[in-house]
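This is what each chain is made of:
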Amino acid sequence: MDEQKNVLEIKNLKKQFGDREILKGIDFSVNKGDVVCIIGPSGSGKSTLIRCINFLETPTSGEVCYKGENVLKQYKDLALYRTKVGMVFQQFNLFNNMTVLENCVVGQVKVLKKDHEAARQTAMKYLYHVGMADYINAKPNQLSGGQKQRVAIARAMALEPEVLLLDEPTSALDSEMVGEVLTVMRELANAGLTMIVVTHEMAFAREVASKVIFIDQGVIAEEATPEIIFKNPSNPRTKEFLCRFTQNN
Amino acid sequence: MTTMPTTFSEWVFFLLQQYGVLFVKGAMVTLLLALVGTFIGCLIGFIVGIIQTIPVDPNMGAVKKNFYRVVRWLLDAYVEVFRGTPMIVQAMVVYYGSMSLFNIDMSAMFAGFLVVSINTGAYMAETVRGGINSIDPGQTEAATAIGMNHLQTMRSVILPQALRNIMPQIGNNLIINIKDTSVLNVISVTELYFSSKSAAGVYYKYFEVFFITCTIYFIMTFTVSRLLRWVEGRMAGPRDYQLVAYDPMQDPCGHFQIPTRKEQD
């Protein structure tokens, strides 16, 4: 029963770039419906970790298990796995040559081999949900940052993934646009979507996360519920990091 | 017998009357060689560019890795050899070489198409590589993250954007080809320069004939250059967009409501 609930499991994941070891053995697991927030100082390996989970970076060693199966062994073609684990980037990375609608349709048609009409309907459903249904004919460079990121979320959701990875989704946005993206993320979390979010939005982490992971210098320094992390962290480094945050804000 | 022309303008007019058809035929051959050569050259360039940007996964098998390495080396060799030798020499080597080495008796015209295409291909390969590299790596990452493979990513995302960036260079190549197909006269392709030489020889009126030739070349290149500008403008697409009032009740997929966590449990 527990095995069923476990969606992702990261086992002793290491990543080296040349001689530099960025991730020094990361272990954690994600259950269905969890919202895992990964926090930590810049350069601690948060982004590398989330990119290793969908193999945009190939881990040097260790395993990523999806529903109990080692992804690299089980999925000869990573494409199928990647449709199950969606990704939202800090820089949005919408396809600049396509309209908003085409951005959300192309993956379904090319990868999931859906017919165009079914793909359009699914795309519209999620675009409507993120509040971008009116903008289907716009090109990405005609949109604001917040709008782009909402489309990017709709694009990832249109493949109907089991897990959504978000790599600092609000860090490239003006502060007035952060809210609209966080609202969408909050709604997805409420709907029961499993998410892993790398974020500097501590308020969001505190409110939405079911688990917060604090990463420092390539290792998990602390992993606990938001109540413990934010009110009573056991690791002095966590306390120091969060102190800097409350001072800044 | 009509009286022979005396002034420059009379000669030009006279030569146009006498050899107008020859000039037009020559110009058509030149245009055809340049257009077909540039088109096939672009195709070669895109194929080479796509192959050269296949990502090499460190976990890939040794056989596959070495295969890619060999293919890449061959393509590099092709680019270097055909960029590094003059087209006039390539024409001679291909035309006469095919005959003496392989006993293939190709027509001068076919040899012409071949030489212009592979020569342009070598230049375009580098241009396309540059065009692909100019696209933000985030585009490739996003395509990879939704499960698209290299070919799908190239076709739907990268190449349409790269094509827009390299349009000026494709235009350059086309214009260069219109002019440089003149070297094919060494293997007797009856393009504009070859026709002009024939016409000039009759009355020994080199300046008058090549003045006409010059004008025709310029008209062709200038027209092509303007046409390509127009195409570039079209490719940029409309600068504004229309909002679409979306009514989910009208949509066949119906009204969509996200279930709350409570309802699910």
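Source: prediction; values computed, not measured.

A. Representation of helix 5 (residues 100-110) of chain A in the model. Of all 11 residues in helix 5 of chain A, eight are buried, a share of seventy percent or more. Those residues of helix 5 of chain A that fall on the buried side of the exposure criterion are V100(A), L101(A), N103(A), C104(A), V105(A), V106(A), G107(A) and Q108(A). If you follow the buried residues of helix 5 of chain A, they end up packed against helix 6 (116-129) and helix 7 (145-157) of chain A together with helix 6 (150-180) of chain B.

B. Geometry of the side chain of T238(A). Following the sequence through the fold, T238(A) ends up in helix 11 (residues 236-248). Excluding residues within four positions of it along the chain, T238(A) makes contact with F214(A), E222(A), I229(A) and P233(A).

C. Structural detail: the pairing of strand 1 (residues 6-17) of chain A. Residues and elements named next belong to chain A. In terms of strand pairing, strand 1 meets strand 2 (residues 20-31) through nine bridges, oriented antiparallel. Note on strand 2: the bridge partner recorded for F17 is R20. Counting the residues in the hairpin turn of strand 1 and strand 2 gives two residues, including G18, whose phi is positive at 65°. The pairing of strand 1 with strand 4 (residues 61-66) spans five bridges and is antiparallel. Bridge pairing in strand 4 places I10 opposite V64.

D. How the structure looks around the sheet that holds strand 7 (residues 163-167) of chain A. Residue and element names in this part refer to chain A. Read from one edge of the open sheet, six strands run 6-7-8-3-9-10, paired in mixed fashion. The open sheet is flanked by strand 6 (85-88) and strand 10 (219-224), the only strands paired with a single partner. Going from strand to strand, the sheet's axes swing by 20° on average, the running direction of each strand aside. Bridge count for strand 7 against strand 8 (residues 194-198) is five bridges, and the pairing is parallel. Of the residues in strand 8, the one forming a bridge with L164 is M195. In this fold helix 2 (residues 46-53) packs onto strand 3 (35-39), strand 6, strand 7, strand 8 and strand 9 (211-216), with an angle of close to 150° to the strand it touches most, strand 7.

Cut-offs applied
- Residues numbered from 1 in each chain as written.
- Chains lettered and ligands numbered in written order.
- Predicted model: local features only at pLDDT ≥ 70, side-chain atom pairs only at ≥ 80, totals over all residues.
- Heavy atoms only, no water.
- Buried < 20%, exposed > 50% of the residue type's maximum accessible area, 1.4 Å probe, protein only.
- Helix = DSSP H or I, 4+ residues; strand = E, 2+ residues; numbered from the N terminus.
- Contact = heavy atoms within 4.5 Å.
- Pairing = 2+ DSSP bridges.
- Axes fitted to C-alpha atoms, helices over the stretch in contact; angles between N-to-C directions.

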